[in-house]
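Descriptive analysis of the structure
Below, each chain spelled out in residue letters.
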Amino acid sequence: MTRLVLSGNYAQSYAARLARVQVISAYPITPQTTIVEQLAKFVSSGELPAQFIKVESEHSALQVCVSAAALGARTYTATSSQGLLLMHELLHWASGMRTPIVMGVVSRSVGPPWSLDADHTDTMSQRDTGWVQIYPESNQEVLDSVLEAFRLAEDLAIRLPVMVAEDAFYLSHTVEPVEVPSQAQVDAFLPPRVPKGTLVPGKATRLGSYVGPADYVRFRREQARAMERVPETLAAIEEDYGRRMGRTYGGLVQEYRTEGADAVLLTMGTASTTARAVVDELRSEGKRVGLARIRVFRPFPAKEVRDLASRVDRLGVMDRSWTFGQMGSAATEVAAAIQSSPRRPRLSSFLAGVGGRDVGTALLREMFRDLLSKEPSGLRWLDMDPPKEVPLHG
Amino acid sequence: MIEIRFHGRGGQGAVIAAELLAQAANLDGKIPQSFAFYGAERRGAPVVSYARIDDRPIRLRTAITAPDIVVVLDPGLVEVAPVMDGLKPGGTLLVNSPLPPERFPTPKPAFVATLDATQIALSHGVGSRTMPIVNTTMLGALSRVSSVVSLSAVQHAIDEHVPARPAENGLAAIEGFHTVRVAELPGLPGGKAPSGPVAPALSSEVPEGPIASMASDVLHTSSWRTLQPVITREKCTRCNFCWKFCPDNAIDLDSEGFPVVRNEHCKGCGLCAVECPPVAIEMVVEGGA
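Residues numbered from 1 in each chain as written. Chains lettered and ligands numbered in written order. Predicted model: local features only at pLDDT ≥ 70, side-chain atom pairs only at ≥ 80, totals over all residues. Heavy atoms only, no water.

Scanning chain A from terminus to terminus reveals 14 helices and 16 strands. Taking 2.2 N^0.38 as the reference for a compact globule, 394 residues should give roughly 21 Å; the C-alpha atoms of chain A span a radius of gyration of 21 Å, in line with that estimate. Along the longest, intermediate and shortest principal axes, the C-alpha atoms of chain A span 70 × 55 × 45 Å. Long-range contacts, defined here as pairs at least 24 residues apart, represent 81% of the contacts in chain A between residues at least 6 apart. Of the roughly 15,400 Å² of accessible surface on chain A, a fraction of 55% belongs to carbon and sulfur atoms. (Helix = DSSP H or I, 4+ residues; strand = E, 2+ residues; numbered from the N terminus. Rg over C-alpha atoms; globule rule 2.2 N^0.38 Å. Contact = heavy atoms within 4.5 Å. Areas by Shrake-Rupley, 256 points an atom, 1.4 Å probe, with all protein chains shown as cover.)

Below, the structure is given as structure tokens:
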């Protein structure tokens, strides 16, 4: 284990190298670019004996990964925003063909208007493509999650692709200390992929070709069942990871000071770090508030959310993306999850941090204040005031 | 926790300065976090980067609005960017400038430090005359005027992480450490910082929302400029090539058809000078430095 000061993007690259990926294919896009630049350096220097296949678009990049993974290779790609949207068709192929690809996504707003900053619209619009989605909140967790993602994706009971989505700039271009495990530690945790149900060169096999209605639904049901097995499988993987590396992240939903809480805010990604500090401030002021971080959004942690709902009266969800006609993306799913809960807390949906608007302590305090007040439930767009003047920064 | 904001121009190394500071603080056994918000990245454009340094894990992932320390890598930015915004009373302003610290009064009482980092960097062959790379010199000075990082950690970080000319950068840092001058200033009457030019907010212009991009005649992008075109009228043939090639419509024609540079829009890209057939346009360093 070595402590390096790394960006979230380099944490992705180092993790992919430690995982001994065999095929990488990617197309550069801000703010993902440095992930693949660093991987290209690892490949060209010989530190990573992998094939880096250059392509003309994200669509092709994922096609290359699907094909390589279908042949049994350990594959990695990375993208962001418009690039992820261009992959949309192939996202379904990757998942439907049960190819265990791991993809780093730098979560960025979607145009127009053109924008480069943190937002969850890109990944949320791909939530039903059959990929597992993990949303880390630190660069350390990015590295750890990518390693866990390979074990999860390649588990023969799962065989589903996994996205590790980090917030643009808040992680991608922020540097902070990261404990980087040794190659021996990673090799012991993540042995080479055991290919099963893959194509074999020289032998006629078909993957993903036409089936009639009677068979199609059976494939889909198997895919859904694999997704249902993710929570249990990931828990076992995390336990093993924790035993070897000394770090775990609390399963699908990580709770913080929720005991005896009147109100709990659910967050995803980097807002969680700042929110935890705000919870401590409010607790010291005598307010009974807590935090729950949705670490894994796909499969949606409905059971964990229902369990939380059975213990609190007021739930708030902060979202960086939304569902038209409903509420925030995560809030809408939380609402669906608690629908069948014996106890249904009042639910508030806060849209904040959209398009990279900074989520600071004052804004998070506003969410808790709203939750603890008599404000009605439902959707609120926060922090909407236009800036009075725009300083001429770059 | 110490919060630091760096102001520089694209190409000067403000982002790398914050990252190097994080690497150095890590070597000092502290916990660093460094980040930047990106806009139109272009050589010369004002850029801002940030760092937090603490003894404990950092629990904030949000912009720094009230920095303890502000580091300004380009003296011209004091006029065009809000470099003193939010600087804490008793904080430190470190400016790359040959002028004495007293020439940079702060809104609240603060320590102001200056050094001619451009001259130091150039004397060590770091960067070029039009774009000196002053980040390592400034980090050396920072290690002198605050306890946030040690000079030896700065030197080690440079050795490990500066790909080009680490030895020269290291020497520049040491000279920065020894050259910087500090003054304790009382704060301006009224406590108001000199603010740079501002553009009107987009969303008030278009009630339905930002459906159109802001044009250059609203957004004065001239703050990006480090080189200025100077036209020699005697050589000019009025061919209008400069007017045609200017990507920002920053060249007007006067009543006689001679080109005139609109300084509030010129970014100093130099295309006009390249395209001018009679070579009547010269790019000179802004402010004649």
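This part covers helix 6 (residues 166-179) of chain B. Residue and element names in this part refer to chain B. For helix 6, built from 14 residues, the straight-helix expectation of 20 Å at 1.5 Å per residue is met to within 8% by its first-to-last C-alpha distance of 20 Å. Looking only at helix 6, the buried set comprises Asn169, Gly170, Ala172, Ala173, Gly176 and Phe177. An end-on view of helix 6 places all buried positions within 160 degrees of arc, on one side of the element. Residues Ala167 and His178 are exposed on helix 6 and point more than 90 degrees away from its buried face. (Expected span 1.5 Å × (residues − 1). Buried < 20%, exposed > 50% of the residue type's maximum accessible area, 1.4 Å probe, protein only. Arc of directions from axis to C-beta.)

A few words now on the sheet that holds strand 3 (residues 51-54) of chain A. Residue and element names in this part refer to chain A. Pairing is mixed across the open sheet formed by 7 strands, whose spatial order is 3-2-4-5-7-6-12. The sheet is open, and its two borders are formed by strand 3 and strand 12 (296-298), each paired with just one other strand. Geometrically, the sheet is characterised by an average inter-axis angle of 20 degrees between neighbouring strands, direction not taken into account. As judged from the 2 bridges shared by strand 6 (residues 132-134) and strand 12, these two strands associate in the antiparallel manner. Residue pairing for strand 12: Ile134 is matched across the bridge by Val296. (Pairing = 2+ DSSP bridges. Axes fitted to C-alpha atoms, helices over the stretch in contact; angles between N-to-C directions.)

Any aromatic ring pair is given by two values, namely how distant the centres are and how the planes are angled relative to each other. A full pass over the atoms with the stated rule returns 8 aromatic pairs over all chains. Through a chain of ring-to-ring contacts, three or more aromatic side chains come together here, namely A:Tyr135, A:Phe297 and A:Phe300. Taking NZ or CZ as reference, B:Arg144 lies 5.0 Å from the ring centre of B:Phe177, over its face. (Phe/Tyr/Trp six-rings, centres within 6.5 Å; stacked < 30°, edge-to-face > 60°. Lys NZ or Arg CZ within 6 Å of the ring centre and 35° of its normal.)

Once that is clear, we can look at the pairing of strand 13 (residues 314-319) of chain A. Residue and element names in this part refer to chain A. Most of strand 13 is tucked away, with 5 of its 6 residues classed as buried. Direction of pairing for strand 10 (residues 263-267) relative to strand 13: parallel, over a ladder of 4 bridges. In the strand pairing of strand 13, Val264 is matched with Leu315. As defined by bridge partners, strand 13 adjoins strand 14 (residues 346-351) across 6 bridges and the pair is classed as parallel. Across the sheet, Leu315 pairs through a bridge with Leu347, a residue of strand 14. This β-α-β element, strand 13 to helix 13 (residues 329-338) to strand 14, shows right-handed connectivity. (Right-handed = clockwise from strand over helix to strand, strands pointing away.)

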